[in-house]
Amino acid sequence: MNIKISVIIPIYNMEKLLNRSLDSVKNQSYQNLEVIMVDDGSTDTSAEICRDYAAKDPRFHYFYEENSGPSAARNLGLEKCTGDYIAFLDPDDYLHPDMYAKLLQAIQETNAGMAVCEYRVVYGDEPYESEPEYDTQVLNRREAQSIYFGDTHSATVATVVWNKLIPASVMKKFRFPADRMVGEDESVTYRILYSFSRVVLVKAPYYSYFLCDGSLMNRGFNVKRFDLFKAYGERISFYARRKEYDLCRKMFFLYIHMLCRFMDLSGETGEDYSGVYKKCFHSEKRKYKKYQTVLKLSRKEKMELDLFNQHPSVYRRLWKVLKKNK
């Protein structure tokens, strides 16, 4: 098959897990791949490992840049890749051998614009004991956006970039925000999904997400996590400009509930996050003032958002009580 898939991998100090990740790409049943390994200034042996793969397999290409973060590394990969489709892989994760074959098959069978698959969480080397059951569901533009507002697993399926196969003609229009260490996927995936009238969801966990205590999202709570609200604010404006007021309304509630949750988490650290919290709160308040007349809120929804924006401390206390009683 002539269709080429570019796999972009941002790499920083992953010597212990990198071989497993790269082998999972090398051993894909779909072989017409271009693997873009971007070394983000690693100080361990990651560069040597990448060079070894590039020397032995012409599909693997090694690029180096000074340490600038995963967004910058992915952006460099977007500049260098030449495939018809683009996929992303994090260097501590790994793939089912048929992942790219199945995603491409799903696109061709359903005439969808792009494909998204399920994922599983792993804690070590956990081979697939059986073949995941292949099933698909075609989503329209609004249905694809609605995945974001489901449970935590569903929201992750929508939010992350590493479980998707995206036409290069679309993906190359986007760049990841280099000023964020958290929420960089959140800043682009909703716009990518919105680019297509048909998205196929492959209901099989072809991607293995390695839950590592040292990863950014799994070490202790820190101020970088508040970067997420920059992406949330951008999504509110994006939906409002396109008159997707139902999605816009859902984003406001996601924003305020997550902000309350963050304040609970940050309170456990003993650090003072009041300044960044206030900044996020005032950003939401400005947007609510701008868009509230077009949101078509129910009376209950308006009362809730008004309470948050007028008396945030009271709202947080009530939210905690209601959350405990659920």
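Scroll up a little and you will see the structure.
Everything quoted here is computed from the prediction, not taken from an experiment.

A. Representation of helix H2 (residues 46-56). For H2, the complete set of buried residues consists of Ser46, Ala47, Ile49, Cys50 and Tyr53. Along the long axis of H2, the arc covered by the buried residues comes to 165°, so they all point the same way. For H2, the exposed residues lying more than 90 degrees away from the buried face are Glu48, Ala55 and Lys56. In this fold, the buried residues of H2 make contact with strand S1 (5-11), helix H1 (18-26), strand S2 (33-39) and strand S3 (60-64).

B. Highlighting the pairing of S1. Counting buried residues in S1 gives 7 out of 7 residues, a clear majority hidden from the surface. Covered by surrounding structure in S1 are Ile5, Val7, Ile9 and Ile11 together with Ser6, Ile8 and Pro10, the residues of both alternating faces. Direction of pairing for S1 relative to S2: parallel, over a ladder of 7 bridges. Counted as the bridge partner of isoleucine 5 is leucine 33 from S2. For the segment spanning S1, H1 and S2, crossover handedness is right-handed. Here 4 bridges tie S1 to strand S4 (residues 85-88), and the two strands are oriented parallel to one another. Bridge assignment links isoleucine 8 to a residue of S4, and that residue is phenylalanine 88.

C. Expanded view of the packing of helix H10 (residues 245-267) against helix H11 (residues 274-291). It is the contact of H10 with H11, at a shortest axis distance of 11 Å, that shows an interaxial angle of 165°. With respect to their mutual orientation, H10 and H11 come out roughly antiparallel. Seen from above, H10 lies across H11 with left-handed handedness. Here H10 contributes Phe252, Tyr255, Ile256, Leu259 and Met263 to the contact with H11, which in turn contributes Tyr277, Cys280, Phe281, Ser283, Glu284, Lys287, Tyr288 and Tyr291. Across the contact of H10 with H11, the residue classes break down as 10 nonpolar, 1 polar and 2 charged.

D. Up close: the packing of aromatic side chains. For the coordinates displayed, the defined rule picks out 19 aromatic pairs. Ring centres of phenylalanine 229 and phenylalanine 262 lie 5.0 Å apart, and the angle between their planes is 80°; on these two criteria the pair is classed as edge-to-face. With a gap of 33 residues between them, phenylalanine 229 in helix H9 (residues 228-241) and phenylalanine 262 in helix H10 connect regions that are remote in the sequence. Classification of phenylalanine 229 as buried rests on a relative accessible area of 3%. Judged by centre distance (6.2 Å) and plane angle (55°), the ring pair of tyrosine 232 and tyrosine 255 falls under tilted. You can see tyrosine 232 sitting in helix H9 and its partner tyrosine 255 sitting in helix H10, a full 23 residues away along the chain. Overall, the relative accessible area of 4% leaves tyrosine 232 in the buried class.

E. Here's a closer look at the packing of H11 against helix H12 (residues 299-310). Close contact between H11 and H12 brings their axes to 10 Å; oriented N to C, the two are set at 135°. Relative to H12, H11 is oriented oblique. Seen along the crossing, H11 lies across H12 with a hand that is left-handed. Packed against H11, whose contacting residues are Tyr277, Phe281, Glu284, Lys285 and Tyr288, the element H12 presents Lys302, Leu305, Asp306, Phe308 and Asn309 at the interface. For the contact of H11 with H12, a count of residues per class yields 5 nonpolar, 1 polar and 4 charged.

Procedures and definitions
Residues numbered from 1 in each chain as written. Predicted model: local features only at pLDDT ≥ 70, side-chain atom pairs only at ≥ 80, totals over all residues. Heavy atoms only, no water. Buried < 20%, exposed > 50% of the residue type's maximum accessible area, 1.4 Å probe, protein only. Helix = DSSP H or I, 4+ residues; strand = E, 2+ residues; numbered from the N terminus. Arc of directions from axis to C-beta. Contact = heavy atoms within 4.5 Å. Pairing = 2+ DSSP bridges. Right-handed = clockwise from strand over helix to strand, strands pointing away. Axes fitted to C-alpha atoms, helices over the stretch in contact; angles between N-to-C directions. Parallel < 35°, antiparallel > 145°, perpendicular 65-115°, else oblique. Left-handed = near helix turned anticlockwise from the far one by under 90°. Nonpolar A, V, L, I, M, F, W, Y, C, P; charged D, E, K, R; others polar. Phe/Tyr/Trp six-rings, centres within 6.5 Å; stacked < 30°, edge-to-face > 60°.

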